[in-house]
Amino acid sequence: MTTRGWYKERTLTTVDTVGREVSVTTGLTRDPEGRLVAAIAISDGPTAIYRYPGDAGERTELVTNAADTVKELHKLAGVPPTR
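Residues numbered from 1 in each chain as written. Predicted model: local features only at pLDDT ≥ 70, side-chain atom pairs only at ≥ 80, totals over all residues. Heavy atoms only, no water.

## Some remarks on the confidence of the model for the protein
Right, on to step 1. Averaged over all residues, the pLDDT of the protein is 85; the fraction at 70 or higher stands at 84%.
Right, on to step 2. Here helix H1 (residues 61-77) stands out as the least confident element of the protein, with mean pLDDT 88; strand E2 (residues 21-30) is the most confident, with 94. (pLDDT = per-residue confidence, 0-100. Helix = DSSP H or I, 4+ residues; strand = E, 2+ residues; numbered from the N terminus.)

## Some details on the sheet that holds strand E3 (residues 36-42)
Right, on to step 1. Ordered in space as E1-E2-E3-E4, the 4 strands form an open sheet in which the pairing is antiparallel. This sheet does not close on itself; its edge strands, each paired only once, are strand E1 (7-15) and strand E4 (47-49). The sheet shows a mean angle of 25 degrees between the axes of neighbouring strands, direction not considered. (Pairing = 2+ DSSP bridges. Axes fitted to C-alpha atoms, helices over the stretch in contact; angles between N-to-C directions.)

Have a look at this one:
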């Protein structure tokens with residue numbers, strides 16, 4: 001049973017910037033028009049839909065931005081990249 005009623009739901013637990021535990025859920029759900037979409041939500045907050053830049057085979061802007069942010073962290077904080 002999924003907690004949000006999504007398809008292929010995945011949830012992990014992490015902490016927010018003040019140290020409180022939060023759950024981050026990704027999965028497939030329906031948008032207001034009934035289309036199947038990929039989405040992300042943090043704890044009981046709102047759901048954000050992954051928007052595709054064009055071809056469905058490309059990375060979404062959300063995934064690209066998140067990856068770029070981690071690269072910046074590694075560069076600025078001297079953290080070695082992980083695989």
